[in-house]
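Secondary and tertiary structure notes
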Amino acid sequence: MADTVKLPEDSFKRINADDRAALDSEKIAAPSLTFAQDAWRRLRKNKGAWVSLIVLAIVFIMAFGSLVVSPHNPNAVNPSYANLPSKIPGIGINGFNGTLVQAGQRIDAYKQAGASSKFYIMGTDYLGRDLFSRVLYGTRISLIIALVATLFDLTIGVTYGMFSGWKGGRIDTIMQRIIEIILSIPNLVVIVLLILILKPGMTSIIIAIALTSWTNMARLVRAQTMEIKEQEYILAARTLGERPLKIAFKHLLPNLSSVIIINTMFTIPNAIFFEATLSYIGIGISSPQASLGTLLNDGQKNFQFLPYQMWWPALVLSIIMLAFNLLGDGLRDAFDPRTKE
Amino acid sequence: MAKYLAKRIFYLILTLFIVITLTFFLMKLLPGTPLTNQAKLSKSQIALIYEQYGLNKPVWQQYLLYLAGAVRGNFGTSFQFSDQPVSYLLSSRIGPSLQIGLQAMILGVIVGIVVGAFGAMRQNSWVDTTATVVSILGISIPSFVLAVLLQYYLGLKLGWFPIAEWGGFIYTVLPTLALGATPLAESARFVRTEMVDVLSSDYIELAKAKGLSRTGVIYHHALRNSLIPLITIVGPLAVNIMTGSMVVENIFSIPGIGEQFVKSVLTNDYPTIMGLTIIYSFMLCVVLLFTDILYGIVDPRIRITGKAN
Amino acid sequence: MKINSAVKLGTVATFAAVLLAACGSSSNSSSEASKQTLNWMENSALPSMDSSTATDVVSGETMNNTGEGLLRIGKNSSIHPGVAKSYTKSKDGKTYTFNLRKSNWSNGDKVTAKDFVYAWQRTVDPKTASQYAYMYAQVKNANAIMNKKKPVSSLGIKAEGNYKVVVTLTQATSYFPSLVASPMFFPQNKSVVQKYGKKYATNAQDNVYNGPFKLTYWTGTSDNWTLSKNTKYWDAKNVKLKKINFKTMKDPQTSLSQYQSGKLDATYLSGQQPKNYKNDKQYVERKSASTFYIELNEKKDSMMKNKKARQALSLAINRNQFVNKVLADGSTAAKGLVSTGLAENKGTDFNTAAAVPSATSQDLAKAQKLWKQALKETGRSSYSLTLMADDTPAGKNSAEFIQSQWAKLDGLKVTNSNLPFKTRLSRSQNGQFDAVISAWGADFPDPISFLSLFTSGNSYNNGKWASKAYDKYVAAATGKDANNNTARWNDMVNAQKTILNDQGVIPVYQQGKAQLVKSDVKGLIYFPTGANWDFSRAYIAK
């Protein structure tokens, strides 16, 4: 293309001062944002994530607020009001009006128990305890367990995985064997031992989770690290003489964020279910304490006759999970540097 | 590669040995004996029963004897089924657990990959939203709740499947569905997330630009590169599911190994717990080895043998 | 056992009349359905079929239907003839002579006196390591043999010819007939036991049976097992059922669904299920001879040693509300330590004779008063304790309820701790508890089965409550008054009154089992101790 191209004369125009001013006004000059600010901005644009954040905030406030204000005492026993179904004032739909089917007939359980003037919006359990208060109480316990598990995932799991994957070689081999051993020793042995040494209850469960839950995260992060460290931008960073710690935080971590966040979204329900399964076996949280898991477990046993005792905790758990996941998706999009606008 | 394999198999044996040792001594810390009514037995009777089970010897001797036996495939006698050797107990009950676990894994992972891939391809459409919600519900309902729901509605109300017990394939449908929810949800989530990343990367743009068909791009490039986290997660999950879920087996009355496992831990039935731990640990180590090899096949950029630095 | 108008000493007890009654009540064949199969559920799998080493209820129940001892237990724990046609008891009550009928094992071998001698010796033999051998304690030399002090052949059982068994006891034991009716005293075929060696009774094939049914399917670890009618049984013509399918159902929801869909003919109800079937025609409540009680650790501190504190804790519990509103499964409020309906004397139930209402009823005002006094006497302003219980649903329910009741006492803080059975047991026995909910089921129908637990130094006396008077009464009932029914009865009544007056334990409830049984299942025989079920007269009606 060495030929000279002939352009018409009016293709170009000389710039004058006015034009220069106009150009300046078109200049895109967003304030320089840090990584976190940028992520926050992107997160706020995601409607699903934003709504989830609000839902979670409400759940947290209600669950932890019930320490101070609760509709009823979650442990107050009143056997004559046992197994009353949901009754929400002003709603006449079956399932929310205090009636239930007993021996083929729909009866007003509240009238039968002599509690016509009372309202239990989620009903009561077999000891006549207010289910709504117990769900709030259970949510609090489950959230604490979930958050502790997440904390260990994010600290031990991520660090361990990044280190193992980054170093490779002999260190990696040894670290992976350690994980294999931890994975191989049945969780149940660990928890039963802890129950013996300590006491059955929250502390034992939390320590058991702390000891065992982070392995999956570590393995995921290691696998992803092995993939990423071979890529050009890491090579570039290394060639430029970046310190490994800085590479880890600046380059690895953001690129690992999607895996980390997604796995966290599984850590939360897994921790909650681990506790629920323990209570199914019978070594979970000691009564009369409750978690969403124990409530589901109790409800499951009476599902044929008192379905609401399972539906309510299941509904609350699902809402929490949905919110955590949608928020997780939002966070992933916000933190992942590869996300396109 | 052969050298690498040999090395890994050596490590596998080493890991197994450490796990057996650790579990053995941890179990010894637990209370529990083969005695069912200790208080009514005289000292000499207790001594005799202990002798029968070899519990009269010091712990380190019990350990060595156990190792010697285990190498020859003799795992001792179960405390729960007092006359049955552990090897028989395990071999006669592990079949149903393996079958249901395997079916659940296959179903869960395949459906999960499809759901996840569709979600990623139609990102932020209603398909994606539905896929997301379904997979989130899959992980937000514990398996015992799902099992009860399936049993009540599909078994009792509609009568499509047997409520419980163990017979032909038809008996495995409900337990498979109940167990499959977790692998389904996890695979769907991981595949979707990874694929969204991969689909926006340059080499996919290039493949598209080269005029490769949509399915070709998805299958050859996007899917393959999305599988790394999935492989990592699926291995241990499969071993977990295949070695028996007490909850699902109890609810569907499946003659599997799940409850024996739980009971043996709670009663310090160490011959049974050790037998199960060895099987579990062996399967796990093998699966993890395969996982590492698969990394290399799926993503040639990962070097398993070499050193990075 | 029933202590009916005391059997006159030395009289020959024959069963002719009883036999007639048993056969006469059987139905005529026109009302029977053509398919005589019963589908029965158990909560756990069958772990053993060796009557010398089995320890659990499921094994006992199965063996009670595949085997037969010298005598059989029937409805309301009455005693019927089994392999023995009749028996005589010596004047001093220490020697029993059983006259056997001619009957066969399922492989055609004759059931002889030697089979009993062999079985009993094998069980007591320390080499067998039977965990229930202590049940033989009354048989002469049994304890010495178990402790390796005497040879097995010295056991107090002799065969006189092929069809006469003579048993010598160390002391008169009025409930001995009900003992020999339990599976632990069943005969064993020596040639079969020796032929199969280690494999004996580890599956359906490597075993022989002399009862109404024989085991035809069982792999040794399977969840299902099948009994079929034993045509070689001496009374086979009165056995109607062709087959019994036992199925293990570990989840109560599942067994109820299986029952509703017709896969099971009977199911036990648990949790909230009984409440929903209370008025159903198929609903049955079975009383079992098990009492649940709270033990307080008197070794722990002065508070638990204070009688007023123990009484306050007992008075705070509303037992009726617990059994009617919370459990609602046929369980009843405990009237004493011994379970109600276990034994009676001249038509009076043991618990009616030995009742101490103040120790088994609720009076919150009095409880508050006593509790305050107890706190003052021990110089405290408040007290906290941990209530230990099993991790089963029933254990959790009990702990939750009792905690809520005790919380009403001023200055008492209660924490719950639910533990796996074996852990709970070992902690109870080592005294690592403040208060524990324990349970005891009678091994045989006699109050002494409960009362002997709380003598000082007994290994089941976890709370270490001790009373000289109590020890004296129990010793008299098992020693000097053993052969004098009236005196023995009074000793036992006094023993229960003593422990209740001192609130040595806090009885809570007597266990009941709620069950649904299809209305076409007839002739089931239930008894509250030991093996519980006899299917030999059961049939499916049209």
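Conventions we followed
Residues numbered from 1 in each chain as written. Chains lettered and ligands numbered in written order. Predicted model: local features only at pLDDT ≥ 70, side-chain atom pairs only at ≥ 80, totals over all residues. Helix = DSSP H or I, 4+ residues; strand = E, 2+ residues; numbered from the N terminus. Rg over C-alpha atoms; globule rule 2.2 N^0.38 Å. Buried ≥ 20, exposed ≤ 12 C-beta atoms within 10 Å, placed from the backbone. Contact = placed C-beta atoms within 7 Å. Pairing = 2+ DSSP bridges. Core = buried A, V, L, I, M, F, W, Y, C linked by C-beta atoms within 7 Å. Axes fitted to C-alpha atoms, helices over the stretch in contact; angles between N-to-C directions. Parallel < 35°, antiparallel > 145°, perpendicular 65-115°, else oblique. Left-handed = near helix turned anticlockwise from the far one by under 90°. Nonpolar A, V, L, I, M, F, W, Y, C, P; charged D, E, K, R; others polar. Expected span 1.5 Å × (residues − 1). Bend = angle between axes of the 7 residues up to and from the residue.

1. Description of the overall build of chain C
Summing up its helical and strand segments, chain C has 18 helices and 26 strands in all. Its C-alpha atoms give chain C a radius of gyration of 24 Å, within 12% of the compact-globule value 24 Å for 542 residues. Among the 542 residues that make up chain C, the fraction classed as buried is 55%. Summarising the internal contacts of chain C: among those between residues at least 6 apart in sequence, 69% fall at separations of at least 24.

2. Topic: the overall build of chain A
Counting secondary structure elements, chain A contains 13 helices and two strands. Scaling as 2.2 N^0.38, a compact globule of 341 residues should have a C-alpha radius of gyration of about 20 Å, whereas chain A reaches 28 Å, well beyond that. Taken along its principal axes, the extent of the C-alpha atoms in chain A is 100 × 60 × 35 Å. Put simply, chain A has 341 residues, and 48% of those count as buried.

3. Re the pairing of strand β12 (residues 224-229) of chain C
Residues and elements named next belong to chain C. Here strand β11 (residues 213-217) runs beside β12; their pairing, made up of four bridges, is antiparallel. By the bridge assignment for β12, Leu215 is matched with Leu227. Taken together, β11 and the strand that follows it, β12, pair antiparallel across an intervening segment of six residues, in which Gly220 is found at a positive phi of about 105 degrees. As judged from the five bridges shared by β12 and strand β13 (residues 243-248), these two strands associate in the antiparallel manner.

4. A few points about the nonpolar core
Burial of nonpolar side chains together is a common tendency in soluble globular proteins. Of all hydrophobic cores here, the largest spans 306 residues; its most connected members are Val192 and Val221 of chain A, Ala147 and Ala178 of chain B together with Ile294 and Ala312 of chain C. The dominant element in this core, judged by the number of residues it contributes, is helix α11 (residues 244-281) of chain A, at 17 residues. Other than its neighbours up to four places away in sequence, Ala147 of chain B contacts Ala178, Val248, Ile251 and Phe252 of chain B. Residues Met41, Tyr259, Leu264 and Ala514 of chain C belong to the second largest nonpolar core, which totals nine residues.

5. Concerning unusual backbone geometry
Residues other than glycine predominantly adopt negative phi, and peptide bonds predominantly adopt the trans conformation. Residues and elements named next belong to chain C. Here Ala201, not a glycine, exhibits a phi torsion of approximately 65 degrees, which is positive. The residue Ala201 is located in the loop between α6 (190-196) and β11 in this model. The phi dihedral of Lys464 falls on the positive side, at around 60 degrees, and the residue is not glycine.

6. Quick notes on the sheet that holds β12 of chain C
Residue and element names in this part refer to chain C. In spatial order, the strands read β2-β13-β12-β11; together these four strands make up an open sheet with mixed pairing. Of all strands in the sheet, those bounded by a partner on one side alone are β2 (37-42) and β11. If you compare each strand with its neighbour and ignore which way they point, the axes differ by 25 degrees on average. Helix α2 (residues 57-66) rests against β2, β11 and β12 of the sheet, and its axis sits at about 120 degrees to β11.

7. A look at helix α11 (residues 258-266) of chain B
Helical periodicity: at 3.6 residues per turn, an α-helix aligns residues three or four positions apart in one direction. The element α11 of chain B is extensively covered by neighbouring structure, given that eight of its nine residues are classed as buried. Against the buried residues of α11 of chain B lie α7 (187-197) and α11 of chain A, α4 (86-121), α10 (246-251) and α12 (270-298) of chain B together with α15 (421-429) of chain C. Just beyond α11 of chain B, the residue with positive phi is Asn268 of chain B, at close to 55 degrees.

8. Points about the packing of helix α10 (residues 307-315) of chain C against helix α13 (residues 364-377) of chain C
The geometry of a pair of packed helices is captured by two quantities: the angle between their axes and the separation between those axes. Residue and element names in this part refer to chain C. Two numbers describe how α10 lies on α13: the axes approach to 8 Å, and their chain directions differ by 155 degrees. On the basis of their axis angle, the class for α10 and α13 is roughly antiparallel. When you trace α10 past α13, the crossing you get is left-handed. Taking contact as the criterion, the partners of Lys308, Ala309, Gln311, Ala312 and Leu315 in α10 are, on α13, Lys366, Ala367, Leu370, Trp371, Gln373 and Ala374. Classifying every residue of the contact of α10 with α13 by side-chain character gives seven nonpolar, two polar and two charged.

9. So, the interface of chain C and chain A
Taken together, the contact pairs 24 residues of chain C with 23 residues of chain A. Looking at the side of chain C that touches chain A, the elements that each hand over two or more residues are α7 (252-260), α11 (319-327), α14 (393-406) and β20 (412-419) of chain C. Within the side of chain C that touches chain A, the residues separate by chemical class into seven nonpolar, 13 polar and four charged.

10. Points about helix α5 (residues 131-167) of chain A
All names here are of chain A. With 37 residues, α5 should reach 54 Å at 1.5 Å per residue; the first-to-last C-alpha distance of 52 Å fits that figure. Where α5 bends most, the angle comes to about 30 degrees, and this point is Asp153. Counting buried positions along α5 yields 26 of 37 residues, so the element is predominantly enclosed. One or two steps after α5, the chain reaches Gly168, where phi turns positive at roughly 65 degrees.

11. Comments concerning the interface of chain A and chain B
At the junction of the two partners, chain A supplies 50 residues and chain B supplies 48 residues. Counting residues per element, the ones that place at least two in the side of chain A that touches chain B are α6 (169-184), α7, α9 (214-228), α11, α12 (292-301) and α13 (308-335) of chain A. If one sorts the elements of the side of chain A that touches chain B by residue count, α11 of chain A sits on top with eleven residues. In terms of residue class, the side of chain A that touches chain B is built from 28 nonpolar, twelve polar and ten charged.

12. Considering the packing of α11 of chain A against helix α7 (residues 173-199) of chain B
Orientation of α11 of chain A relative to α7 of chain B, taken along the N-to-C sense of each, is 165 degrees, at an axis distance of 10 Å. What the angle tells us is that α11 of chain A and α7 of chain B run roughly antiparallel. Judged by the sense of rotation from one axis to the other, the crossing of α11 of chain A with α7 of chain B is right-handed. Where α11 of chain A abuts α7 of chain B, its residues Ser258, Ile262, Met265 and Phe266 of chain A lie against Glu186, Arg189, Phe190, Thr193 and Asp197 of chain B. Among the residues forming the contact of α11 of chain A with α7 of chain B, the class breakdown is four nonpolar, two polar and three charged.

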